[in-house]
Amino acid sequence: MADFDWPWQYKFPPFFTIQPNIETRKKQLEAWCSLVLEYQRHTKQYALDVTEAQSSELFYNKQLNRNLTWKDKSRRSCTLIWRTYAEWGKIIYNWIVSKSMTNTVCTLYELTSGEDSEGQEFHGLDKDVLIQALKTLESERKAELIDFDGSEGVKFF
């Protein structure tokens, strides 16, 4: 995996301190949102453990010896998505069609961890995000989630 290209704000100490001016804070929070989503996308991580994240390079800049201070300490983890569930569904479905796999059944594991999907953007996709994406396809009648012999799968139409 290539090195992450940190934005200029990451090297700017005030970026790690909540700004008192409302307009400046709004821009700061937008920059943080973009940074977190791009970093998670780059590292293919779909969940964020807030406790662990405080010491990660994402929220702790060793060169500046600065780290982000969390306001809400009761939150521990969250799901991060940089595409809507519908967008993920469309990407998966387009791949299924390109592989002539309509009218077939795949396990959820095959979709996100199988050899056939290696190199695809959805390879390694978080299971909860995958299920939500497949539900969007289900609502469009392009797929049906199924449970067989304790395995979860999907049939594409």
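About the cut-offs
Residues numbered from 1 in each chain as written. Predicted model: local features only at pLDDT ≥ 70, side-chain atom pairs only at ≥ 80, totals over all residues. Heavy atoms only, no water. Salt bridge = Lys/Arg side-chain N within 4 Å of Asp/Glu carboxyl O. Helix = DSSP H or I, 4+ residues; strand = E, 2+ residues; numbered from the N terminus. Core = buried A, V, L, I, M, F, W, Y, C linked by side-chain atoms within 4.5 Å. Buried < 20%, exposed > 50% of the residue type's maximum accessible area, 1.4 Å probe, protein only. Contact = heavy atoms within 4.5 Å. Axes fitted to C-alpha atoms, helices over the stretch in contact; angles between N-to-C directions. Parallel < 35°, antiparallel > 145°, perpendicular 65-115°, else oblique. Nonpolar A, V, L, I, M, F, W, Y, C, P; charged D, E, K, R; others polar. pLDDT = per-residue confidence, 0-100.

Bringing the pattern of salt bridges into the picture now. For the coordinates displayed, the defined rule picks out 4 salt bridges. Across the salt bridge formed by E121 and R41, the nearest N and O atoms sit 3.2 Å from each other. Taken as a pair, E121 in the loop between α4 (108-113) and α5 (127-139) and R41 in helix α1 (residues 22-43) lie far apart in primary sequence, 80 residues in all. Put simply, E152 and K127 hold a salt bridge, and the shortest N to O gap is 2.3 Å. With E152 in strand β7 (residues 151-156) and K127 in helix α5, the pair connects residues that are 25 residues apart, well separated along the chain.

Another point: the nonpolar core. Core analysis: the largest hydrophobic core is formed by 22 residues, its most contacted members being W88, I92, I96, L111, L125, L134 and F156. Secondary structure elements with two or more residues in this core: α3 (85-98), α4, α5 and β7. At 6 residues, α5 tops the list of elements feeding residues into this core. Setting aside chain neighbours within four positions, we find L111 in contact with I92, W95, I96, C106, S117, F122, L130, L134, V154 and F156. Within the second largest apolar cluster, 14 residues are counted, among which are F15, A31, V36 and F59.

Before going further, it helps to spend a moment on the packing of α3 against α5. Running from N to C, α3 and α5 cross one another at 80°; their axes reach a closest spacing of 8 Å. Judged by the angle between their axes, α3 and α5 are roughly perpendicular. On α5, the residues touching Y85, A86, W88, G89, K90, I92 and Y93 of α3 are V129, L130, Q132, A133, T136 and L137. Residues belonging to the contact of α3 with α5 are distributed by class as follows: 9 nonpolar, 3 polar and 1 charged.

Summarising the model, the protein chain shows a mean pLDDT of 86, and 90% of its residues fall at 70 or more. For the protein chain, strand β4 (residues 77-79) is the element with the lowest average pLDDT, namely 60, and α3 is the one with the highest, namely 95.

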